[in-house]
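Okay, here's what each chain looks like letter by letter:
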Amino acid sequence: MYNLINLGLDTKKPDEPRNYKSERIGTPYMKAFLILEDGTVFEGTSIGSTKEIISEIVFNTSMTGYLEVLTDPSYAGQAVVMTYPLIGNYGICYEDMESERPWPDGFIVRELSRIPSNFRSEDTIQHFLEKHDIPGISGIDTRALTKILREKGTMNGMITTKVYADYAEPVSRMHSYSVKGVVKATSCKEKHTIRAAEAFAAPIKKVALLDLGAKSNIANSLAARGCEVTVYPCDTPASEILASNPDGIMLSNGPGDPKENVEIIAEIKKLYDSETPIFAICLGHQLMALATGADTFKLKYGHRGGNHPVKDHETGRVYISSQNHGYAVNPESLDAKIAEPAFTNVNDGTNEGLRYIGKNIFTVQYHPEACPGPQDSAYLFDRFIKMMGGNE
Amino acid sequence: MPKNPQIKKVLVLGSGPIIIGQAAEFDYAGTQACRSLKEEGIEVVLLNSNPATIMTDKDIADRVYIEPLTLEVVEQLIKKEKPDSVLPTLGGQAGLNLAMELEEAGFLQENNVRLIGTTALTIKKAEDREMFKETMEKIGEPVAPSDIVENVEDGLRIAEEIGYPIVLRPAYTLGGSGGGIAQNPEECREILENGLRLSRVGQVLVERCIAGWKEIEYEVMRDGAGNVITVCNMENIDPVGVHTGDSIVVAPSQTLGDKEYQMLRTSALNIITELGITGGCNVQYALHPTSFEYCVIEVNPRVSRSSALASKATGYPIAKVAAKIALGYTLDEIKNAVTKKTYASFEPMLDYCVVKMPRLPFDKFISAKRSLGTQMKATGEVMSICTNFEGGLMKAIRSLEQHVDCLQSYDFTDLDVDGLRRQLAEVDDRRIWVIAEALRRGMSYDEIHEITKIDHWFIDKLSILVEMEQALAKGPLTPELLKEAKRIEFPDNVISRLTGVPQDEIKAMRKENEITAAYKMVDTCAAEFAAETPYYYSCFDGSNEVEYTHDKKKVLVLGSGPIRIGQGIEFDFCSVHSTWAFSKEGYETIIVNNNPETVSTDFDIADKLYFEPLTPEDVESIVDIEKPDGAVVQFGGQTAIKLTEALMKMGVPILGTAAEDVDAAEDRELFDAILEQCDIPRPAGHTVFTIEEAKVAANELGYPVLVRPSYVLGGQGMQICINDHDVEEFIGIINQIAQDHPILVDKYIVGKEIEVDAVCDGEDILIPGIMEHIERTGVHSGDSISVYPAKSITPTVEAKLVDYTEKLARALHVKGMINIQFIVTGEDVYIIEVNPRSSRTVPYISKVTGIPIVPLATRVICGHTLKELGYKPGLQKKADYIAIKMPVFSFEKIRGADISLGPEMKSTGECLGIAKTFNEALYKAFQGAGLKLPKHKNMIITVRESEHENVVEIARRFQNVGYKIFATRGTAKVLNDNGVKALTVRKLEQESPNILDLILGHEVDLVIDIPQQGAERSHDGFVIRRNAIETGVHVLTSLDTAGALATSLENRAQELTLIDIATVENL
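Residues numbered from 1 in each chain as written. Chains lettered and ligands numbered in written order. Predicted model: local features only at pLDDT ≥ 70, side-chain atom pairs only at ≥ 80, totals over all residues. Heavy atoms only, no water.

### Description of a negative patch on the surface
On the surface, a cluster of negative charge is made up of Asp128(B), Glu130(B), Glu134(B), Glu137(B) and Asp147(B). With three residues, the single largest contributor to the negative patch is helix 6 (residues 129–138) of chain B. (Patch = residues over 30% accessible without salt bridge, like charges linked within 9 Å, V, L, I, M, F, W, Y side chains within 5 Å. Areas by Shrake-Rupley, 256 points an atom, 1.4 Å probe, with all protein chains shown as cover. Salt bridge = Lys/Arg side-chain N within 4 Å of Asp/Glu carboxyl O. Lys, Arg positive; Asp, Glu negative; His and termini not counted. Charge placed at Lys NZ, Arg CZ, Asp CG, Glu CD. Helix = DSSP H or I, 4+ residues; strand = E, 2+ residues; numbered from the N terminus.)

### Notes on the interface of chain A and chain B
Facing the 58 residues of chain A at the interface are 71 residues of chain B. Where chain A abuts chain B, roughly 5,600 Å² becomes buried across the two surfaces, and 51% of that area is made up of carbon and sulfur atoms. Inspection of the chain A/chain B interface yields 14 salt bridges. With a shortest N-O distance of 3.0 Å, Glu111(A) and Lys461(B) are connected by a salt bridge. For the side of chain A that touches chain B, the secondary structure elements donating two or more residues are helix 3 (142–152), strand 15 (295–312) and strand 16 (318–330) of chain A. In terms of residue count, strand 15 of chain A provides more of the side of chain A that touches chain B than any other element does, seven residues in total. (Contact = heavy atoms within 4.5 Å. Buried area = accessible area lost by both parts, 1.4 Å probe.)

### Describing the side chain of His285(A)
Residue and element names in this part refer to chain A. Inspection of the secondary structure puts His-285 in helix 9 (residues 283–291). Within the structure, His-285 has its side chain in polar contact with the side chain of Gln-365 (distance 3.4 Å). If sequence neighbours within four positions are ignored, His-285 has contacts with Ala-280, Val-329, Asn-351, Gly-353, Leu-354, Tyr-356, Thr-363, Val-364 and Gln-365. (Polar contact = N/O pair within 3.5 Å; in protein donor to acceptor, adjacent residues only side chain to side chain.)

### Observations concerning the packing of helix 12 (residues 389–399) of chain B against helix 16 (residues 456–474) of chain B
Residue and element names in this part refer to chain B. One can describe the packing of helix 12 onto helix 16 by two numbers: an axis separation of 9 Å at closest approach and a directional angle of 70°. The angle between the axes of helix 12 and helix 16 places the two elements in the roughly perpendicular class. Of helix 16, the residues touching helix 12 (which contributes Phe-389, Glu-390, Leu-393 and Met-394) are Trp-457, Phe-458, Lys-461, Leu-462, Ile-464 and Leu-465. For the contact of helix 12 with helix 16, the class distribution of residues is eight nonpolar, no polar and two charged. (Axes fitted to C-alpha atoms, helices over the stretch in contact; angles between N-to-C directions. Parallel < 35°, antiparallel > 145°, perpendicular 65-115°, else oblique. Nonpolar A, V, L, I, M, F, W, Y, C, P; charged D, E, K, R; others polar.)

### Re the nonpolar core
Within soluble globular proteins, side chains that are nonpolar tend to cluster in buried spots. Residue and element names in this part refer to chain B. Core analysis: the biggest nonpolar cluster contains 236 residues, and Met-357, Phe-490 and Leu-647 have the highest contact counts within it. In terms of residue count, helix 16 provides more of this core than any other element does, ten residues in total. Look past the residues within four positions of Leu-647 in its chain and what remains in contact with it is Leu-556, Leu-558, Val-619, Val-623, Ala-631, Val-633, Val-652 and Ile-654. Counting 42 residues, the second largest nonpolar core, distinct from the first, contains Leu-922, Ala-925, Tyr-963 and Leu-1039. (Core = buried A, V, L, I, M, F, W, Y, C linked by side-chain atoms within 4.5 Å. Buried < 20%, exposed > 50% of the residue type's maximum accessible area, 1.4 Å probe, protein only.)

### Some details on the domain arrangement of chain A
Residue and element names in this part refer to chain A. Under the domain assignment, chain A is made up of domain 1 (19–178) and domain 2 (183–387). The gap between the C-alpha centroids of domain 1 and domain 2 is 28 Å. Each partner contributes to the interface: domain 1 provides 26 residues, whereas domain 2 provides 20 residues. Of all residues in domain 1, Pro-73, Ser-74 and Glu-98 give up the largest surface area on contact with domain 2, accounting jointly for 30% of the area buried on that side. (Domains from an automatic or database assignment.)

### Re unusual backbone geometry
Residue and element names in this part refer to chain B. In this structure, the amide linkage connecting Tyr-164 to the following residue, Pro-165, adopts the cis form with an omega of -5°. Cis geometry is found at the peptide bond from Gly-475 to Pro-476, where omega equals -5°. By the element assignment, Pro-476 lies in the loop between helix 16 and helix 17 (479–487). Residue Glu-514 is not a glycine yet carries a positive backbone phi of 55°. Inspection of the secondary structure assignment puts Glu-514 in the loop between helix 19 (503–512) and strand 17 (518–521). In this model, Asp-679 sits at a positive phi of 60°, which is unusual for a non-glycine residue. Mapped onto the secondary structure, Asp-679 falls in the loop between helix 25 (668–678) and strand 23 (685–688).

### Observations concerning the sheet that holds strand 16 (residues 380–386) of chain B
All names here are of chain B. If you trace the seven strands from one edge of the open sheet to the other, you get 14-13-10-11-12-15-16, paired in antiparallel fashion. Both outer strands of the open sheet, strand 14 (294–300) and strand 16, are each paired with one neighbouring strand and no more. Going across the sheet, the axis of each strand differs from the next one's by a mean of 25°, ignoring polarity. Here strand 13 (residues 279–287) runs beside strand 14; their pairing, made up of six bridges, is antiparallel. (Pairing = 2+ DSSP bridges.)

### Structural notes on the pairing of strand 14 of chain B
Along strand 14 of chain B, five of the seven residues are buried, which leaves the element largely enclosed by surrounding structure. From the end of strand 13 of chain B to the start of strand 14 of chain B, which pair antiparallel, there are six residues.

### Considering helix 17 of chain B
Turning to helix 17 of chain B, its buried residues number three or more, namely Leu481(B), Leu482(B), Glu484(B), Ala485(B), Lys486(B) and Arg487(B). For helix 17 of chain B, the elements touching its buried residues are strand 7 (111–112) of chain A together with strand 16, helix 16, helix 18 (492–499), helix 19 and helix 21 (616–626) of chain B. A positive phi of about 65° marks Glu489(B), the residue just after helix 17 of chain B.

### Notes on the pattern of salt bridges
Under the defined criterion, the tally for this structure stands at 103 salt bridges over all chains. Between Arg63(B) and Asp1060(B) there is a salt bridge, with its nearest N and O atoms 3.6 Å apart. In this pair, Arg63(B) is assigned in strand 3 (residues 63–65) and Asp1060(B) in the segment after helix 36 (1039–1050), connecting sequence segments 997 residues apart. One salt bridge connects Asp418(B) with Arg421(B), and the closest N-O pair in it is separated by 2.9 Å. Here Asp418(B) pairs with Arg421(B), and both are found in helix 13 (residues 417–425), just three residues apart, close to one helical turn. Residue Asp418(B) is classed as partly exposed on the basis of its relative accessible area of 43%. Connected via shared salt-bridge partners are Arg110(A), Asp141(A), Arg143(A), Lys147(A), Asp351(B), Lys520(B), Asp523(B), Asp541(B) and Glu545(B).

Okay, structure coming up:
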């Protein structure tokens, strides 16, 4: 459907001398195809690994922060389309990674920069994807793709370098795909501790962070505020966490359908029943809602980007937030005695956060830890610290 | 927070005449804001001295005052109209300064008028150097540290504290002379010693050197509840050191990671919060290229050129939202006008790349230095949108209308590598072309970056364009290569030039391989939500989103491109009014334009907006998609007229005057035939191609002669020649750019210049009025003071003017607008030129006569007759007012530009003086142009010998109003001999104190300098005029203007009468 010869990618590793001269114009690269469940086919250029994958295709509208997107565990089981057309401009700055590795199954862009240019850049996207065996496609009309996803809703798709004579077969394989088991896959395997920032002689609070596929900056944001953060694997029993007697519990973000996590939900109910202050983000927010009897549903095409306005009911203020979620809590399903909406999306009116009645618990659907995206909601970490009895 | 119910009547301050640094963007912002206020039922009173603006139309505001933007006027206006609020943030720096003056005078409080959109404290915090520094320190935002020193020791100490390298700027020296960058104490001492000596006040500013850092801007908004958002960020390709108005700018930023992007975004939001701005604000940063260190360079607490650019780049209407916020609304209560589904409290996400390029006036000021620095020099700008940066840049280049269409357009092949290195170090408007040449020679990115400090990423993009040039030149042109070339927006003509393949073959190859432009929507949200706004840009690597509909007749309105001297905001006024009129006639309207500053590129003016270059190929791609029933070219100035032939070839009918007739007016031979047929005289003349032919023609006609290229606007390249030498010089300059058309050599006749705009329906002609210029022939009409109604012509001449206009309009089969310029000597009337299109004077004459000329012409084009529309043909009765259009110049901004007036236009804008009497109108016009006299009551007069007899009376009049006159020897002698006391000053080359010392001493109000005609042999006059301008002294180079100024000083009106233009009617 679309054919485009990209100008080329710098596949050189950063330690090799840069040779910017390119003779590549007009030289075709290995072709790649993005095949959607509805039968649409985009033809482009292969980037990263050349292996074939089937995944759920979602789009992200952030104009910067592609590395943070790639390393956000919430994208596990999905392939991400960047709507901003020029990706890779500032290369890969390893210190900006939100987890140990990239998680998406595939990466879809309009154009990958031929050279990275930033004083911190240590690698190129091309090499980074290759290293982690993640396939991708460039040179396609990402806007046309986004419009399909917007109109028909998130759907499955395949990225492949194989030429199919008939798309019926791959499409039939796609139908059966669903995002599964991703929380377990992305969560840490061992408990570990992150010390409070050096500026603090002693930690002001001790926080237990339940890692459901957490972005690093959640723990970092707390550590920067003087908290010592103990990170627990997602299958840690509530009793173990509570036994460590933390000042507060943080439930992290994470990937997939919240309802899939039946066991974790049961443990979170126990955390709810304790008197420990709890702050939850994204998947954590959804799981807390499910644990207390509310329901979640899948959004047509989700919220993924750095420009979503969220209204704080308490102050009436609107904050621009970083978001990445395909599911949301149904506010109709809330038991008014248990929880009430605390934040709402100004664009579509969906729920963006809850306040738990009579409890030191508040949860948000969006990402106060940013990375990528606006830092405007970082004040929520201060609110959490205050809730734990610290100074805001 | 709902609307504040106490706000019912708002005074909106405009920005006045167009000058460099304050251009059409404020008409766009002001118009949008006024409409936004009216939407809310607010009564809008508008004050702006610029008659060429759309905001000064009676359908935009309820009460319209085209009066000088002075404290005196605004106070009187507030007393007369009694608004409850003043909105000052949409009128640029001019509006803001006026608001501050009002506030400081205590006038607002006394009269119970509130400032909305900002407070005086906010303005102070942002504008006052000290308060700004304090405010930034309070919230921990870094500014480049600096201090003022008065001796070398202090300077060295401060420099040590700040850290090297440092910038040293002596206070009050001309154009920053004596300053420099010091890397170490030795250099610092040297520059300081010199700078302290040169500075008149013995002060030098010592500042942290941030030249070469990345320059990044953020456009942010805040409402009364404290909600804050970022509309857009932008990255200047040229690092800190070049004014952002003169930089190539890309949106969003390209080389910033999320960490840097968010760091600066958070900073910008902290700043707007601390300043307490309610509305829009622009924050400029310098970001260290290899660290996270940054400095706040500047904050503009108002809408600005950058905010207009950000609005067009994102689709987010900043001025409209700012106006609503000023009324008390919060961001989450204001609908997103683009999606109509979401709210203003979000941040636009782009899924394309925007490139802005400045339009610099060096083609007008050949003697001016091309170098770019912290003083903005651009008169306008172009913007382009594409899915990739290379394409954006290519589109922007060909939008400039500067005879450039790719990176080969300026030729540096004659420079050797060292020469190239030196040229790279020159920061001027051709830098990207120099980089392209360096890349062709194989210079490394690192070396280019080292010299220019331009980021590697941009250098690589330029390299991609150069590589494509090379690939095309090498060939063969395969469909794959063609597709890639089109993806990065190589126009067919350039591909043809590089490959040698004829354009029509390339076109055929494109058709065959389906390589055609597709159009994408600017929707503020990267396709996340469905949007309804028909605002499009083209790309070659995607599917088309424009839905073809053809429910009603479709008209293509071609805009006028970037604002440059000779083609200003007037043509945008005409394009917009024509669009509205077509819409009322039941047409679907489609605007094509590339100027982000204008009203015409606001997405709700036409039914569809294509933000595209105005070249035949780009227009044809739109035509292919839209299949319009016709195109109108007579309102978009020369830019649109130039497309006539191409449109006809595409099979698009030209609505209004036919293409052959447009040609007949420009083609000398055809035109002469028409004049002969109508029995209308014109100054004798010839068409020539070479210098030799020109000299023969000139000698036959007899000097002085006028020399000019045909098919240009604003008298570009037009000069008066008094001898063969001049002819050689000027034709040489004209022929620097390849000419498709002949050069005209005409006898120069001294006389009164008269200008007429008329509307013709093919049969009847309506002449709204006759305008007379104060300056005699020889000064370009755009630079002349124009008086309506003409005040010194006899009934016989008037009858001739009307007769000639009618004859010409009929002979040229004009349908729509025609503009004619005449020379009158005694009872004789000659034609100078005819333009079968809308002109610079149309907005002005429309407003003062109350006749809606553009809508009228548009309806005539649609097939109505003047009579049918209720107008009586012929010259209309004179209005009750005298209206004087005064040109405004920006000479102080362009170093090295010669300011003397001549046949080539040099003014950037205009203002209006309107009153019941000539004298009051003249006084207002001078006031509006910023002439605030007298101050010191000292003046210098130096005139060429041929004017000696004419200068005496004028000098006497200045003496009578109290002026002490200094004059150069010859002039002084004539004056003293005739009883006007004049002190002789030494000439420039003589020892001090001489004429220059007098000027630099800041004790002179005015210089009257009448230079020799032709190429000036002496450099003195030039130096004197430049120094005067840069010292802020007014300079007049025409005795006629001087006479008018004397009249104005003799008749200083006490109480001005303010006239509401909205009430002027003439039917």
